[in-house]
Amino acid sequence: MNAETLAPLRLALVGNPNCGKTALFNQLTGSRQKVANYAGVTVERKEGRLRGPSGRSYAVLDLPGAYSLNAASLDEAVARDVIRGCYPGEAAPDALVCVMDATNLRLHLRFALELRELGKPMIVAVNMMDAARRRGIGIDLVELERLLGVPVVETVAVRRHGARALVERIERMAEALHAPTQRLGKGADLHAETRRLLAATVRMPARTARIDDALDRWLLHPLFGLLALAMVMFLIFQAVYAWATPLMDLIDAGTAWLGETVGAVLPEGPLSSLLVDGIIAGVGGVIVFLPQILILFAFILALEESGYLPRAAFLLDRMMASAGLSGRSFIPLLSSFACAIPGIMATRSIQDPRDRLATILVAPLMTCSARLPVYALLIGAFIPQKTVWGVFNRQGLVLFGLYAAGVASALLVSWVMKQWRRDKGEHALLLELPSYRVPHARDLLIGLWERAMIFLKRVGGIILALTVLLWVLLYFPNGGADVTQSLAGRIGQALSVVFAPVGFNWQICIALIPGLAAREVAVSSLATVYALSTADDTAAAQALAPLINDGWSLATALSLLVWYIYAPMCISTLATIKRETNSWKQMAGATGYLFALAYAAAFATYQVAVLLGAG
Amino acid sequence: MRLAELPRRVPGIVASVEDQGPNDSIARRLRELGFVAGEQVEVVAVGPMGSEPILVQVGFTRFALRRAEAARVRLLDGAGA
Ligand SMILES: Nc1nc2c(ncn2[C@@H]2O[C@H](COP(=O)(O)OP(=O)(O)OP(=O)(O)O)[C@@H](O)[C@H]2O)c(=O)[nH]1
Ligand SMILES: [Mg+2]
C-alpha cells in the first residue's frame, strides 16, 4: 500500500512541564506555538502535521505538561484526558512521544515510567541534550533504551535539525506499532525503578547547574532579590517611553505628511474626508504606538525565556497570598499586561480553584497592551516631558504609576473577595523553578515580528472597520458640516449626560462605544472625531495630542486615564471569562464590579481635580 | 524533624510524606515530585516575607513550597549530614 494513502498516525507529545514539548512540536510541524521557560506555558491541546521523509503524514498533538496522570490542575487534566482517549471529540493517540529534559531525569524518568505502564506504543525523546552536555552530564542512551524497552533518541528542540533522529524513529515505529516490551505492573515502585535506571545509565557531575546556584543566591536573596525585581519592572516602563519616542515622532510625521498630501491631491468631499479624517487620522493615531508595544513585548519575551518569572513568583508569593492570590497567579497576571485573554487562559495551571477564580477576575485590571495607546496619548498630551531626579523620565513615571494603580486595585479586589469567602483552607504552591536560559536574539526577533503582525492585522481589520463605521456615523446625515448634529454626535451627546459627572465630553463618549470591541479604537475614534470637528485643513492634519490638549481640561484627562485602569469594556475578555469559568454569573460579576470601579474612581478623580483647580 | 524546620543549606533525608486528612492530594503530589523515603533534600532559599515560601532542592529539581506543604515531609532524625 502507498504510504501516503494511509490514515495519518496520531502522535501525542507528552511529558513533564517545561521539558521542551512545544519547542519539539514547532520543530516537527513547522508551527509557531508559544515556547517559554516556565512550567505551564501550554494549557490546551494543539494539533499539527508532520510529513516524514517517506511521505507518510502524522497528526502531532502538543499537550500541556503534567507531573503525573493524577491531574492536579486543569491543564494536567487536558493532558491526561487526551492520553487516555477520554477528551471530548478526540480519539486516543496511536502512540506517545514522551519528552524528557536530560538535565532533570530524576523527575522526568518517573513520569516516563508511569506513561509506559499505559502499554501504548511509545518513543522516549531525551531533549535538551545540548544543555546536558554543557553541564557534563553523560547519558547512556543505548543502555537506557534496553532497560526501558522502548526506543530512546536524543533531541535538541531549539536547534535546526535537532529532531531528525526523532523523525527517523517515528518513521520506523510507524512500520510496525508495538507496545513497550517491559512493564512493571500495578503497584510497582516507580521511584525505585527510576533510581535503578539513573544509576545504570546517567553520570551527573552535580545536581544543579553552577550558574543557577550563583544567580539564585542573588536573585532570590530576601533584600537584593526584591530590589532586582523592582528595578526590572521599573526599567521596562522607563524604556517604553525613553526608547520609543524617536520612532513615534517619525510615524507621527509620516502620518501628518500622508494626510496633507492626500488632502491636497483629492478634491474636497466625502472621499477626501473618509481618507484623511477617517482612515489616515484614525489608523495613524493607533499605529504610532507600535514602537511602545514592541518594546513592552521585547521585555516580556526576554523575561519569559530567561526563567526569571517563576523566581519573581517565588519572591511575591507571600504578599500575593495575603491578598487572596498566590505566587502562581504571577505569570498569568504578567501575561495580562500583554492581553488579558492569554492571561486568563494561563490560569489553568493554577491548582487551587479559588486562587484560579480570583486570578481570572482580577486579570482585566492588569493594563493590557491595547490600553497602552490610550495612556500614551493622554500622557503625551498632558504631562510635559521632563527629567526628574536626574534620571527618570516623568512621562515614564506616570505610566508606571498607572500600571501600579492597576496592580494595587487587583490586590485590593482579590483581598476583598478573600474576606468575602472567609476561606481558611490551605492553598498549595508547589512551583518548579527552571534553569536560567539566555534568550536567543533570533527567537526574540521572530516573537516581536509576530506581535507586530498581530497588531497591524488588528489595525487593518477591526480597528480600520470601526474607524470607517464611525466616520460614516459622524459624516452623515449632514455631510460633515456640523459634527454635533451627526448620528454619532447625537449618541455622544445623549451619553454625555451619564458621563458628565466624571468629566467626559461628548467626543469621549463617542469613542468609548467602539472601544468595546477593541480598546485601541478609542484612540482612533478620538482622532477621527477631532479631525472631522476641525474645519481648517492644517489643523486636521495635526497629531491628536495637541488637539485634545487644547480641548480638554486636565481633570478630564486624568479622569479618562483612571477610567482606563478599570475599563470593563473589552468584549473578548468578558467572553473568555465566561468560557474559562463556565459561568454567566462570574462574567456578569466581573463586568459589574469593573464598571462600578471605573465609574467611581473616575468620578473621584475628576471631582478632586476640579476642586484643586484643574477643571 | 520536618522539612519545614530544616535550616537553610543543611541536607536532610526524607523519611516519609504524611497525609493530612483522607485523600490528601498535596501529599500525593509531593510524593510524585520525588519526596520519597531516602531522597536527599535541601532548603536553598527562603522567601523575603515571613520566610515563606521555601525553595527546596529534591533530585535535580527545585520546587517552591509553602511551609504548610513542607510540614508534610518527615525527615530522618540525625541524618543531617
Ligand atoms: N537548551 C535547550 N533549551 C531547550 C530545548 N528544548 C526546549 N528548550 C527550552 O526549554 C524551555 C521550555 O520549552 P517549551 O517547549 O515551552 O516546553 P514545554 O514542554 O512545551 O512546556 P509546557 O508547555 O509548560 O509544559 C524553553 O525556554 C525552550 O527554549 C533544547 O533542546 N535545548
Ligand atoms: Mg508547551
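Structure: see above.
What comes next concerns the included structure.

## Looking at the interface of chain B and chain A
And then number 1: Counting from both sides, the interface comprises 38 residues of chain B and, opposite them, 43 residues of chain A.
And then number 2: Regarding the contact of chain B and chain A, the summed buried area is about 3,400 Å², with carbon and sulfur atoms giving 56% of it.
And then number 3: Interface area lost by chain B to chain A is led by R29, F60 and R66 of chain B, which between them contribute 24%.
And then number 4: In this structure, E39 of chain B and R195 of chain A form a salt bridge, with 2.7 Å as the shortest nitrogen-oxygen distance.
And then number 5: Among the secondary structure elements, those contributing two or more residues to the side of chain B that touches chain A are α1 (25-32), β2 (40-49), β3 (52-58), β4 (61-65) and α2 (67-70) of chain B.
And then number 6: The dominant element in the side of chain B that touches chain A, judged by the number of residues it contributes, is β2 of chain B, at seven residues.
And then number 7: In terms of residue class, the side of chain B that touches chain A is built from 17 nonpolar, nine polar and twelve charged.
And then number 8: Across three bridges, strand β11 (residues 431-433) of chain A lies against β4 of chain B in antiparallel orientation. Paired with L433 of chain A across the two strands is R62 of chain B, which belongs to β4 of chain B.

## Quick word on the site of ligand 1
All names here are of chain A.
And then number 1: In the region of ligand 1, 24 residues are neighbours, and K21, T22, A23, T42 and E305 sit closest.
And then number 2: Within the backbone of C19, one N or O atom sits 3.2 Å away from an oxygen atom of ligand 1.
And then number 3: Between ligand 1 and A157 there is a distance of 2.8 Å, counted from an oxygen atom to a backbone nitrogen or oxygen.
And then number 4: For ligand 1, the protein covers 97% of the area, taking 650 Å² as the surface of the free molecule.
And then number 5: No other element matches the three residues that helix α1 (residues 21-29) contributes to the shell around ligand 1.
And then number 6: Taken together, the residues of the shell around ligand 1 break down into twelve nonpolar, eight polar and four charged.

## Focus: the coordination of the magnesium ion (ligand 2)
Residue and element names in this part refer to chain A.
And then number 1: Around the magnesium ion (ligand 2), the protein contributes the donor atoms T22 (OG1) and T42 (OG1), which lie 1.9 Å from the metal centre. Note that T22 is positioned in helix α1 and T42 in the loop between α1 and β2 (46-51), a separation of 20 residues in sequence. No difference in accessibility class separates T22 from T42, as the two residues are buried.

Rules used in this analysis
Along each chain, residue indices are assigned from 1 in the same order as the chain's sequence is written. Chain letters and ligand numbers both follow the written order, the letters beginning at A and the numbers at 1. Given that this is a predicted model, residues contribute local features only at a pLDDT of at least 70 and side-chain atom pairs are listed and counted only at 80 or more, while totals for whole chains, interfaces and linings are drawn from all residues. Heavy atoms throughout the structure, all of them, feed into the side-chain values; hydrogens and water do not. Two residues form a contact once any of their heavy atoms are found within 4.5 Å. Defined in terms of a 1.4 Å probe, buried area is the accessible area two parts forfeit on being brought together, summed over both. Each reported salt bridge corresponds to a side-chain nitrogen of Lys or Arg within 4 Å of a carboxyl oxygen of Asp or Glu. For the purposes of this entry, the term helix denotes a DSSP run of H or I that reaches at least four residues, the term strand denotes a run of E that reaches at least two, and both are numbered from the N terminus. When residues are sorted by character, Ala, Val, Leu, Ile, Met, Phe, Trp, Tyr, Cys and Pro go into the nonpolar class, Asp, Glu, Lys and Arg into the charged class, and all the rest, Gly among them, into the polar class. Here, a strand pair is defined by DSSP locating no fewer than two bridges between the strands. We call a residue near a molecule or strand as soon as one heavy atom of that residue lies within 4 Å of the molecule or strand. Whenever a nitrogen or oxygen atom comes within 3.5 Å of another N or O atom, the pair is scored as a polar contact, on the condition that within protein one atom can donate a hydrogen and the other can accept it, and that pairs from neighbouring residues in sequence are kept only if both atoms are in side chains. Reported accessibility uses the Shrake-Rupley method at a 1.4 Å probe radius. Residues are deemed covered only where the shown protein chains occlude them. Here a donor is any nitrogen, oxygen or sulfur atom (N, O, S) within 2.8 Å of the metal, with 3.2 Å used for Na, K and Ca; water is not among the atoms considered, so some sites may look incomplete. Under the scheme applied here, a residue whose accessible area is under 20% of the maximum for its type counts as buried, over 50% as exposed, and between as partly exposed, the area being computed with a 1.4 Å probe on protein chains only.

Coordinates in, geometry out; function isn't part of it.
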